[in-house]
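Observations on chain architecture
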Amino acid sequence: MNAKKMVSSGMCMWSIAAGYVLAAEPVKELNLYSARHYQTDEALYSDFTKKTGIKINRIEADDNGILERVKSEGDKSQADVILLVDAARLWRAQMHNFFAPTKSKYLDERIPANLRTNNEAGGVPWYGFSTRARVIVYNKATVKKGDVDTYEKLADPVNKGRVCTRSGTHPYMLSLVGALIERDGLAATEAWAKGMVANMARSPRGGDTDQIKAVASGECGVALTNSYYFARMMQSDKPDDMTAISKVGFVWPNQNAGGVHINISGGGMGRNAPHPKEALQFLEYLASDSAQEYFSNGNNEWPAVPTVKVENSALKSLGNFQSEKVSVSAIGKNQIPAQKLLDQVGYK
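Attention here is on the structure that accompanies the text. As the structure is a computational prediction, the values presented were derived from the model and not from experiment. Within each chain, residue numbers correspond to sequence positions counted from 1 in written order. At least 70 in pLDDT is required for a residue's local features to be given in this predicted model, at least 80 for side-chain atom pairs to be given and counted, and no such filter applies to totals for whole chains, interfaces and linings, which use all residues. Each side-chain value is derived from all of the structure's non-hydrogen atoms; neither hydrogens nor water enter the calculation.

**Section: helix α5 (residues 171-184)**
Each helix is a run of H or I in the DSSP string that is no shorter than four residues. Each strand is a run of E no shorter than two, and both are numbered from the N terminus. Under the convention used throughout, the expected extent of a helix is 1.5 Å for every residue step, that is, one less than its residue count. With 14 residues, α5 ought to run about 20 Å at 1.5 Å a step, and its terminal C-alpha atoms sit 19 Å apart, in line with that. Counting buried residues along α5, 11 of its 14 residues qualify, which places the element largely inside the surrounding structure. Relative accessibility thresholds used throughout: buried, under 20% of the residue-type maximum; exposed, over 50%; partly exposed, between the two (1.4 Å probe, protein chains only). What α5 keeps buried is the set P171, Y172, M173, L174, S175, L176, V177, G178, A179, L180 and I181. One or two steps after α5, the chain reaches G185, where phi turns positive at roughly 95 degrees.

And the structure:
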């Protein structure tokens, strides 16, 4: 038998030649369940496959969709790695026991302690791999920067009828309130939330880009947004975006009072990961210099690894800032009291 015949058997390709059978290496792969919806992540995944030979099978949905899928799959879940956006969602996944605690000296050395959840007996359930700041934007024609340079000042009577935010049920809002509870205590945060409700220009609605545009149009005087949305609009060549950015001022809040609130995009290994070795390789890759640069240059996020330098021109133009030191684990843990507090004060 001179000709070779290739037949498939499971994940292997079998070569049948004259007198013997050779088995090729199994195809390496991992199943990624991701709530990151950024097209720029394509390069991130391609780079990992190129470096390791590991194929990535992706399931993509919003955070709730990913969480519900893992929940419905139960012990049969095929998730090797679960990526979510926001500490509140990561904490929720941890409480549902969706993660397999990971032991990795490399990850522990690369990711600062305040950007990962606490160690458990078997390791760390999840890590933050990129950061984003919750910043303040204001209408330059109608609002003085000094009146809105801290989160606390947004609740001051001087800003009555000016404030716009996302819904009080959104994780971005819950995480900010969770951080304020950790920093200032429950009573002070409740008083702040009451002041925010009193100062609303309209009922909370829309996404972060909507808040920026509402400030530019004059519907709102001041709003909260994640930093990468602002940076994205700065880089846009759309006339509407360029006009909006020209009318809006940008503030790093609380630079002399605890620092700007920082949240994360992060993830961990699935509890029933069928490919744990490949999953750990991918998690460690996300903490590498090359992956951290993709987060920064591709999606206007800051690297979680402090030694990685940011080369993104839009981010550089925003200047340096002081960030809060609150642990993202504490922020996630506080989401339940945060929601209760917001409900009590009528924060829609």
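**Some details on the pattern of salt bridges**
Opposite charge on two side chains permits pairing when their charged atoms draw close. Put simply, a salt bridge is a Lys or Arg side-chain nitrogen that is within 4 Å of an Asp or Glu carboxyl oxygen. Across all of its chains, the model carries 20 salt bridges by this definition. With a closest N to O distance of 2.6 Å, R58 and E42 form a salt bridge. Remark: E42 occurs in helix α1 (residues 41-52) and R58 occurs in strand β5 (residues 55-60); sequence separation between them is 16 residues. Judged by its relative accessible area of 31%, R58 is partly exposed.

**Digging into the state of the cysteines**
Defined by distance alone, a disulfide is two cysteine sulfur atoms within 2.5 Å. In total, this model carries 1 disulfide according to the counting rule given. Each disulfide pairs two cysteine sulfurs, and for C164 the partner residue is C220, the sulfurs being separated by 1.9 Å. Handedness here is read from the sign of the S-S torsion; for C164 and C220, about -80 degrees, the answer is left-handed. Of this pair, C164 sits in strand β8 (residues 163-164) while C220 sits in the loop between α7 (208-217) and β9 (222-226), placing them 56 residues apart in sequence. The same class applies to C164 and to C220, which are both buried.

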